[in-house]
Amino acid sequence: MSNASSSTRDNNSSRSVKVVQLRGAISLINTFPALAGVDLDVSQGEIVLLRGPNGAGKTTLLRLCAGLAPLSGGQGFIGELDLSDRAQRRSVRQDTGLLGHKNSLYDELTVEANLRFWAKANRLDPKSVEPVMDRLALNKRLRSVKVGALSAGQRRRTALAVLVCRRPKLWLLDEPHAGLDPAGRDFVDDLLQHANSFGATVIFASHDIDRAQQVANRTVTVVGGLVKGEGPVENVA
Amino acid sequence: MSESEPRSSNDAAKPKSTEIATEQTASIGSAHTGSRASRTIGIAALVAVGLLAAFGLWISPPEVSQADAARLMYVHLPSIATMYLMFFITLVGSIIYLRNGSRFWDLLAGAAAEIGVVFNGLTLFSGAIWGKPTWGAYWTWDPRVTSTTVMFVMYIGYLAVRRLELPPEARSRRAAVLGILSFLNVIVVHYSVKWWRGLHQGQTIGIDTKLDGLMLTSLMIGFVAFALTGAWLLMHRFRIEWLQSQIGEVGLDQALAERRAEAAGYNPSDSVGGLA
Amino acid sequence: MLRDMWLITVKDIRIELASRVVAAQILPFGLLVLILFGMAISPDLAVVGPERRSVLEEIAPGLFWITVLLSSLMALGRSFAVESADGNLDAILMAGMDPAGVFLGKAGAVLAQMIAVEIVLGFGAFVVFGAPIDDPGLLAATVALATCSIALAGTLYASVGAGLRSRDTLVPLLALPVLAPVLLAATMATRDALFTDATVAGWPWAMLLAVFALLYLGVGMIAFGPLMEET
């Protein structure tokens, strides 16, 4: 698992490294074209906000970049890896981290057991879970609580903890603010900026536009399976 | 299974609009599943079946111990052969599909399995009818009856998987794995059941007299007739699947267009709070 | 691969220990089915064979294995329900776990749970049907090999239906015809193991179970990967 912090020394040169390159990307879910020809470039070190109405394809776009959604047409590259090749897609998954709609946690196991399992599953040292739990305030009482007994916000934090442990090069988050109180949302923002300062690239979808625009340095509008508008944060109303 | 109505076995392939525009039909090619080849085979099959009826029911003599009931062998045995042939095509198609993702072989495997199930049912049915006058029962625990019935259910399961609501590639892949496993399972089931019943020397379906002359001829005609009929059915069934997947492609272009049209009227300031 | 297998097996067993679904729901279901069989096939029916066994006792091996099969279907469904509840299969893919290891891990957990169920059910069958035990070694081997077969083949076919709404009806349809030889072999071998006057030779049937289990061990390890990937 590559460590994002070792990859950038000079921010200027990193801007030209393309982490995501999509040309006319089509992604079919059953036979429905969730993505209908997306063109998107994301450079390393960017924090990109995806906005758009529900059903626009933001989730599929994130899953495509994670290597989970199929590339049914067009071209797609994550770094040097080609999304149309099954073997390379597996490598894409290991370089990216996805926080999806669901949390991928086991309700019957405690927070600590969940994190340790996912750390081992990702070939990480289970001890590395401790500092992450500290950071995400899952350490004291919550560590021995079963995930099923947590509030939605706490579950989301636990899922975020798994992501943080993985330290991927590309962070993909699907509505990370949803279900969190303002303090929780602040926390997420700090987390994203912190990861970014170590060289991680972040793409996240959010409906909390005002807040998101504080964090992101670029906004991309997704509608009808396409990228409709782009621009630095200031240009979007 | 008439050729005039497309089977809606694959709901996901239905286009969004109910009619196919003429231009789109032109891009698919003919919307019929008939062709010179299939008509030739169809006529040959018809002739062969006619011959079979003549030979089987009339020209060939009644068998020594079972009298006229033995005439069922002219239907039962060819039915078995055609059934195995179809399932073998499914096996081969599944293997080739898994190797190179060819849509042709995937659809052929599926169509062949369906025809195979039909002949499987016909085998069981003709066997039951044959059993009644011969040993007084529709069902026996004859190893072949038992394993053929298990095989019937197994391939019905395969057909169920072909109808799952999944992305087409994922669905075809699962079906292909099953197409291979089912054939292997048939072998396992066959031998274990045979072993099981072998301990009890029960009655077996078949006739004791040596086949020769007219009876052999009739049986051969039977094999040919059923093979031709099976081939004819397979061609049509496959073509229906093929056309439906073509519709799926045409429907894709339309779906893409409709999807992109969603973007046309979008105004960022409309959906405040993301409740759209 | 073995590492991933162990990880999944331990995780699944921990989940079972925490939720007790197999112990509190599937096991009672099995016991209930045994009793229902007893009610449907009256113990007072004619007595058969030179050993003068009741009909119920005579067919006890078959009834036991049918009960095990039905209970296994539930355990297999549960095994995959645990993953699809919160989209965990995605996370397993993202983690890059070895599919063969995941397959063996899931099958291993089902195996462990079903052995526990069978021990209790066996005891129950012993009490309810009153069957004696002539050859404990053969019985143990049969139970072990049959359960391996069911766990391995069952996990493979359960994965075909994983995450689908029709899973509960699809998986039995796919798995049971395939497991019919296992039922056959297990029943034959058990009859030899229980009854002193059995005319069947049990060990050859036990060998068939071993072959079946090995077959699905190999097939499962190969086929599970492609099945797990949706794209």
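Refer to the structure printed above.
Residues numbered from 1 in each chain as written. Chains lettered and ligands numbered in written order. Predicted model: local features only at pLDDT ≥ 70, side-chain atom pairs only at ≥ 80, totals over all residues. Heavy atoms only, no water.

Another point: the pattern of salt bridges. A full pass over the atoms with the stated rule returns 23 salt bridges over all chains. The salt bridge partner of E112 of chain A is R143 of chain A, with a shortest N-O separation of 3.1 Å. Of this pair, E112 of chain A sits in helix α4 (residues 111-121) while R143 of chain A sits in the loop between α5 (129-135) and α6 (152-166), and the two are 31 residues apart along the sequence. Overall, the relative accessible area of 22% leaves E112 of chain A in the partly exposed class. Given a relative accessible area of 18%, R143 of chain A falls into the buried group. K11 of chain C is the partner of D12 of chain C in a salt bridge, and the nearest nitrogen-oxygen pair spans 3.0 Å. One exposure class covers both D12 of chain C and K11 of chain C, and it is buried. What you see here is one network of salt bridges that share partners, running through R185, D186, D189, D208 and R211 of chain A. (Salt bridge = Lys/Arg side-chain N within 4 Å of Asp/Glu carboxyl O. Helix = DSSP H or I, 4+ residues; strand = E, 2+ residues; numbered from the N terminus. Buried < 20%, exposed > 50% of the residue type's maximum accessible area, 1.4 Å probe, protein only.)

A separate point is the sheet that holds strand β1 (residues 18-29) of chain A. Read across the open sheet, the four strands follow the order β2-β1-β4-β5 (chain A); overall the sheet is antiparallel. Each end of this open sheet is capped by a strand with a single partner; those strands are β2 (32-43) and β5 (81-82) of chain A. Examined bridge by bridge, β1 of chain A and strand β4 (residues 73-78) of chain A share five bridges and lie antiparallel to one another. By the bridge assignment, I26 of chain A is partnered in β4 of chain A with G73 of chain A. Contacts between helix α7 (residues 213-264) of chain B and the sheet are confined to β1 and β2 of chain A, with β2 of chain A contributing the most and set at about 60° to the helix. (Pairing = 2+ DSSP bridges. Contact = heavy atoms within 4.5 Å. Axes fitted to C-alpha atoms, helices over the stretch in contact; angles between N-to-C directions.)

For the rest of this paragraph, the subject is the packing of helix α6 (residues 136-160) of chain C against helix α8 (residues 202-228) of chain C. Residue and element names in this part refer to chain C. Closest axis-to-axis distance for the α6/α8 pair is 8 Å, and the angle between their directions is 25°. The angle between the axes of α6 and α8 places the two elements in the roughly parallel class. Every pair of crossing elements has a handedness; the one defined by α6 and α8 is left-handed. For the contact of α6 with α8, the per-class residue count stands at 22 nonpolar, seven polar and no charged. (Parallel < 35°, antiparallel > 145°, perpendicular 65-115°, else oblique. Left-handed = near helix turned anticlockwise from the far one by under 90°. Nonpolar A, V, L, I, M, F, W, Y, C, P; charged D, E, K, R; others polar.)

What follows concerns the interface of chain C and chain A. Counting from both sides, the interface comprises 27 residues of chain C and, opposite them, 28 residues of chain A. Between chain C and chain A lies a buried interface of about 2,400 Å² when both sides are counted; carbon and sulfur atoms form 55% of it. Across the pair R78 of chain C and E108 of chain A runs a salt bridge whose closest N-O atoms are separated by 3.3 Å. Counting the contacts that link chain C with chain A gives 13 residue pairs in polar contact (both at pLDDT 80 or more). Elements that contribute at least two residues to the side of chain C that touches chain A include exactly α1 (2-19), α3 (55-84) and α4 (88-95) of chain C. Of the residues that constitute the side of chain C that touches chain A, the class distribution is twelve nonpolar, six polar and nine charged. (Buried area = accessible area lost by both parts, 1.4 Å probe. Polar contact = N/O pair within 3.5 Å; in protein donor to acceptor, adjacent residues only side chain to side chain.)

A few words now on unusual backbone geometry. All names here are of chain A. Positive phi, normally seen in glycine, also occurs at R167, with a value near 45°. Mapped onto the fold, R167 is located in the loop between α6 and β7 (170-174). You can call R167 partly exposed: its relative accessible area is 40%.

Time to look at a nonpolar patch on the surface. Residues and elements named next belong to chain C. There is a patch of nonpolar side chains on the surface, built from L32, I35, L36, M39, F123, F126, V127, V128 and I133 and spanning about 910 Å² of accessible area. Within the secondary structure, F123 is located in helix α5 (residues 99-129). On the basis of relative accessible area, F123 is assigned to the exposed category, the value being 58%. (Patch = residues over 30% accessible without salt bridge, like charges linked within 9 Å, V, L, I, M, F, W, Y side chains within 5 Å. Areas by Shrake-Rupley, 256 points an atom, 1.4 Å probe, with all protein chains shown as cover.)

With that settled, the discussion passes to empty space enclosed by the protein. Across all of its chains, the model carries three cavities of 30 Å³ or more by this definition. In this structure, the largest cavity encloses a volume near 100 Å³. Counted by class, the lining of the largest cavity contains six nonpolar, two polar and four charged residues. (1 Å grid on protein atoms, 1.4 Å probe; cavity = no way out; pocket = protein on both sides within 12 Å on 5 of 7 lines; lining within 4 Å. Points joined across faces, edges and corners; volume = space filled by probe spheres on them.)

Think of an α-helix as 3.6 residues a turn; residues three or four steps apart then line up on the same face. Taking 1.5 Å per residue as the helical rise, α5 of chain C with its 31 residues ought to reach 45 Å, and the 42 Å between its terminal C-alpha atoms agrees with that figure. Within two residues after α5 of chain C, G130 of chain C carries a phi angle of roughly 70°, on the positive side. (Expected span 1.5 Å × (residues − 1).)

We now examine the interface of chain B and chain C. Residue-level contacts link 24 residues of chain B with 31 residues of chain C. Summed over both partners, the interface of chain B with chain C comes to about 2,300 Å²; 76% of that surface belongs to carbon and sulfur atoms. A per-residue breakdown of the area chain B buries against chain C is headed by R173, R174 and W195 of chain B, which together make up 26% of the total. Linking chain B with chain C are zero salt bridges, by the criterion used here. Between the two partners, chain B and chain C, sit five residue pairs in polar contact (both at pLDDT 80 or more). Every element with two or more residues in the side of chain B that touches chain C is listed here: α5 (143-162) and α6 (168-198) of chain B. Residue contributions to the side of chain B that touches chain C peak at 13 residues, all from α6 of chain B. Of the residues in the side of chain B that touches chain C, the class split is 18 nonpolar, three polar and three charged.

Function-wise, these values are silent; they only describe arrangement.
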